[in-house]
Amino acid sequence: MKQTLTILLLLISCLTFGQSRNELANSKIYVRATYFDKKNEYIGLQTRTDLTDTIIDNVKYRKFQTSDFTDYSNKQETKTFYETFTNDVYCLLDNSKKVVHKINFQIDKEQVATIFGKQTNILLEFIDARNSYPRDSLVPTRKTPRKYYQKDNSEIYLVIIPDLQSLVIFSNGQFYTKQLMGDNYNDISNGLKNNYTASTRFDIQKDDEIQLFYRRKWYNDTTNVAEYQDKQFKNFKYLNDTIINNVKALKFEVEGYNYLSGSYDSPQELLVTVTDSGYYVGYQFVLFQDYKTELKIVETEKGKELSLQGVTFDTINGNTYPKIVQAKSDPYRYYILPFFPMPFVEFGNVQGIITYTKIKGIEKGKKRERVYITDKNNISDLISKTKTEIEIIMYFVNEAEVEIEIQDYETDKIVGSLKAKAKKGLNSYIVRSDNFEKDKQYSVQINYKNKENSGSFSNSVTTKY
């Protein structure tokens, strides 16, 4: 029983990523693995293709086909099944119409059911997918994952989520198969179904730009509708070409805004180096090639890991754009834009979308703008004004005493400081130093206190001069 806990938690951690709750089970990609002695090892992948509905013994079944493989481009083993969730009974038949699984997922006590072709006594365990505590307060609903396991062998089990009508994990005691659930797996499934491809050989001109917008996403427990909270945006504008160490580079201007803190990131320069085979953004290298669906288990120094990729399209504010989606064994979600050299990453319940594009001078979508927070203390702007001056603009709800320190990240040395008073509203402070170095990033630490409370802010600024 304990050996399956990690597997179940891996499933539960993915349940916040779907576009809507009903689409959480839309992924057609499954991983097959073993889990013994607290060690998880991938042994293969599986895809599912839904075919047609058919009537068997007056019950409607969905006919589907599975393909098992370690590399989608190579040999696959295919099987055909029939599945139904009619009348709260999950039933899976093989190609000969013989029962593989048959269980009443509405019964919350011991029952006699069929699992892996064997009729046996089955027990139930509700899986608590909540982030809240206390855990002993769980009141199961049709959203609660239900683990039905063989009474005499708890490592033989099925996990069903009733409201999604999905068998999300099943284990025969030797290996388990788990549905990979999340926006990225839905996207890869969509690319697989439609055979989408995309080339990363972008074509942009001066002043072309994109806006990458991040938002938090969760589901309303009552309506099951996705709700969002604006987090931040980054604007990337292409300025011109340059040469760095005899290598071509594209120069971009990057600015951003954080809706949660109210902090504005002043425009900074970003260089993207370009070679004949691809381009670098920081340490990330993106190949110039035609991207398509790739699903495989790869050998690494850490062992066998997932390497999944697909191409899909997203539509935001009327702007439809392609994106290359990649998933690995880590918790991050990776994206490459075929039309603009700026890959990005998602993590947790934060979703990245392209709200605005200007490519070859043609604008699509709607650019989000910064707002000014006035209901709490916040940093509005950090500006490298001159060779010896950095300006800090802050909003305070009440009067306060303020201390500002600017520190060198490399040496931890304080290179500039200031003590001042803050009035209610916007305040501007100039911190002077003869030790600022051009194109260097410094940490900015701000402490404040008044009669009511005290607090602090941490941020960074990059000098221009």
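The residue numbers shown here count from 1 along each chain, following its written sequence. Predicted model: local features are reported for residues with pLDDT of at least 70 only, side-chain atom pairs are reported and counted for 80 or more only, and whole-chain, interface and lining totals are derived from all residues. Hydrogens and water molecules were not included; the side-chain quantities draw on all heavy atoms of the structure.

Peer 1: Describe in detail the overall build of the protein, supporting the description with residues and values.
Peer 2: Secondary structure counts use DSSP, requiring at least four H or I residues in a row for a helix and at least two E residues in a row for a strand, with both numbered from the N terminus. Counting secondary structure elements, the protein contains 2 helices and 34 strands. Its C-alpha atoms give the protein principal-axis dimensions of about 80 × 60 × 45 Å. Of the contacts made within the protein by residues no fewer than 6 positions apart, 51% connect residues no fewer than 24 positions apart. Of the accessible surface of the protein, which amounts to about 24200 Å², a share of 46% is contributed by carbon and sulfur atoms. Across the protein, the mean location of the 64 positive side-chain charges is 3 Å away from that of the 60 negative side-chain charges. Contacts were defined at the residue level, with two residues in contact if any of their heavy atoms lie within 4.5 Å. In short, Shrake-Rupley with a 1.4 Å probe defines the accessible areas, and a residue's cover is counted only from the protein chains shown. His residues and chain termini do not enter the charge count, which takes Lys and Arg as positive and Asp and Glu as negative. Here the site of a charge means NZ on Lys, CZ on Arg, CG on Asp, or CD on Glu.

Peer 1: So what's going on with the packing of aromatic side chains? Which residues, and what values?
Peer 2: For Phe, Tyr and Trp, where Trp contributes only its six-membered ring, two rings pair if their centres lie within 6.5 Å, and the inter-plane angle classes them as stacked under 30 degrees, edge-to-face over 60, or tilted in between. Within the structure shown, the criterion is met by 22 aromatic pairs. Between Tyr279 and Phe288 the ring centres are 6.0 Å apart and the planes differ by 50°, which places this aromatic pair in the tilted class. Of the two residues, Tyr279 and Phe288, both sit in the buried class. Sitting over the ring of Tyr157, Lys147 keeps its end group 4.7 Å from the ring centre. Note on classification: 1.4 Å probe, protein chains only; a residue is buried when its accessible area is under 20% of the maximum for its type, exposed when over 50%, partly exposed between these limits. Two conditions define a charge sitting above a ring: the NZ of Lys or the CZ of Arg must be within 6 Å of the ring centre, and it must be within 35 degrees of the ring normal.

Peer 1: So what's going on with the nonpolar core? Residues and values would help.
Peer 2: Among buried residues, those of type Ala, Val, Leu, Ile, Met, Phe, Trp, Tyr and Cys that are joined through side-chain atoms within 4.5 Å constitute a nonpolar core. One finds Leu45, Ile210, Tyr279, Leu295, Leu306, Leu308 and Phe340 to be the most contacted residues of the largest nonpolar core, which totals 67 residues. Among the nonpolar cores identified, the runner-up in size contains 21 residues, and Ile390, Val402, Tyr429 and Ile446 belong to it.

Peer 1: Kindly report on the sheet that holds strand β33 (residues 441–449), identifying the contributing residues and their values.
Peer 2: Across the sheet, 4 strands lie side by side as β31-β30-β33-β34; this open sheet has antiparallel pairing. The strands lining the two open edges of the sheet, one partner per strand, are β31 (414–422) and β34 (454–462). Averaged over all adjacent pairs, the angle separating strand axes in this sheet is 15°, with direction ignored. Only when DSSP finds a minimum of two bridges between them are two strands counted as paired. In this analysis an axis means a line fitted to C-alpha atoms, helices contributing only their contacting stretch, and an angle means the value between N-to-C directions, from 0 to 180 degrees.

Peer 1: Go over the pairing of strand β24 (residues 333–336), please, and point to the residues and values.
Peer 2: Side-chain direction in a regular strand flips from residue to residue, so the side chains alternate between the two faces of the sheet. Judged by which residues are buried, β24 turns out to be covered on both faces: Arg333 and Tyr335 on one side and Tyr334 and Ile336 on the other are all buried. Two elements, strand β23 (residues 319–328) and β24, share 4 bridges in a ladder whose sense is antiparallel. Within β24, the residue paired with Gln326 across the bridge is Tyr334. In this antiparallel pair of consecutive strands, β23 and β24, the connection spans 4 residues. Looking at chain direction, β24 and strand β25 (residues 344–346) are connected through 3 bridges and run antiparallel. Bridge pairing in β25 places Tyr335 opposite Phe344.

Peer 1: Would you mind going over the pairing of strand β1 (residues 29–36) in detail, with residue names and values included?
Peer 2: Counting buried positions over the 8 residues of β1 gives 7, a clear majority of the element. With 8 bridges joining them, β1 and strand β2 (residues 39–56) adopt antiparallel strand pairing. Within β2, the residue paired with Ala33 across the bridge is Tyr42. Hairpin geometry of β1 and β2 is characterised by an intervening segment of 2 residues between the two adjacent antiparallel strands and by a positive phi of about 50° at Asp37. Across 4 bridges, the pairing between β1 and strand β12 (residues 176–179) is antiparallel. By the bridge assignment, Tyr30 is partnered in β12 with Gln179.

Peer 1: Before we move on, can you summarise the confidence of the model for the protein with the specific residues and values?
Peer 2: As a per-residue quantity, pLDDT reports the predictor's confidence and falls between 0 and 100. A residue-level look at the protein finds 94% of positions with pLDDT of 70 or above and a mean pLDDT of 92. With pLDDT under 50 throughout, residues 1–18 is counted as low confidence; its partners more than four residues away or in other chains account for 53 contacts.

Peer 1: So, the side chain of Asn319: which residues are in play, and what are the values?
Peer 2: Topologically, Asn319 is positioned in strand β23. Excluding residues that lie within four positions of it along the chain, Asn319 makes contacts with Asp314, Ile354, Tyr356, Thr357, Lys364 and Gly365.

Peer 1: Run through the environment of Ser380, naming residues and quoting values.
Peer 2: Considering the arrangement of structural elements, one finds Ser380 in strand β28 (residues 378–386). As for Ser380 and Ser263, which are separated by 117 residues in sequence, their C-alpha atoms are 4.8 Å apart.

Peer 1: Pulling in residues and values, what's your account of helix α2 (residues 183–194)?
Peer 2: Multiply 1.5 Å by the residue count of a helix minus one, and that product is the helix's expected span. Helix length check: α2 (12 residues) gives 17 Å between terminal C-alpha atoms against 16 Å at 1.5 Å per residue, within 8%. Of all the 12 residues making up α2, 9 are buried; the element is thus mostly covered by neighbouring parts of the structure. Among all positions of α2, only Asp183, Asn184, Tyr185, Asn186, Asp187, Ile188, Ser189, Gly191 and Leu192 are buried. Of the residues flanking the end of α2, it is Asn195, one or two places downstream, whose phi is positive at about 55°.

Peer 1: Could you give me a rundown of the environment of Gln309, with the residues and numbers involved?
Peer 2: Summarising the element assignment, Gln309 is placed in strand β22 (residues 303–316). Overall, Gln309 belongs to the buried group, its relative accessible area being 6%. As a C-alpha pair, Gln309 and Asn195 span 114 residues in sequence and 12 Å in three-dimensional space. A distance of 2.9 Å separates a polar side-chain atom of Gln309 from the backbone oxygen of Lys292. Engagement of the side chain of Gln309 in a polar contact is seen with the side chain of Gln326, the distance being 2.9 Å. What qualifies as a polar contact is a pair of N or O atoms within 3.5 Å, subject to a donor-acceptor requirement within protein and to the restriction that residues adjacent in sequence count only when both atoms come from side chains.

Peer 1: Tell me about unusual backbone geometry, and name the residues and values.
Peer 2: Notably, Asn224 is not glycine yet its phi reads approximately 65°, a positive angle. Positionally, Asn224 belongs in the loop between β14 (209–219) and β15 (226–244). A residue is classified by how much of its surface remains accessible, and Asn224, at 28% relative accessible area, is partly exposed. The phi angle at Asn245 is positive, at roughly 50°, despite the residue not being glycine.

Peer 1: Go over the sheet that holds strand β21 (residues 294–300) with me, naming the residues and quoting the values.
Peer 2: Adjacent strands of a sheet pair through backbone hydrogen bonds, lying either parallel or antiparallel. Strand order in the open sheet formed by 5 strands is β21-β22-β23-β24-β25, and the pairing between neighbours is antiparallel. The outermost strands of the open sheet, each flanked by one partner alone, are β21 and β25. On average, each strand axis in the sheet is tilted by 30° relative to the strand beside it, whichever way the strands run. Bridging between β22 and β23 involves 10 bridges; their strand directions are antiparallel.

Peer 1: Before we move on, could you go through the pattern of salt bridges and cite the residues and values that matter?
Peer 2: Any Lys or Arg side-chain nitrogen found within 4 Å of a carboxyl oxygen on Asp or Glu counts as a salt bridge. The tally for this structure, following the rule as stated, stands at 28 salt bridges. Arg21 is paired through a salt bridge with Asp163; the nearest N and O atoms lie 2.7 Å apart. On the criterion of sequence distance, the pair formed by Arg21 in the loop between α1 (5–12) and β1 and Asp163 in the loop between β10 (153–161) and β11 (166–172) is long-range, its members being 142 residues apart. A relative accessible area of 11% means that Arg21 is categorised as buried. Here Glu346 and Arg333 are joined by a salt bridge, their closest N and O atoms 2.8 Å apart.

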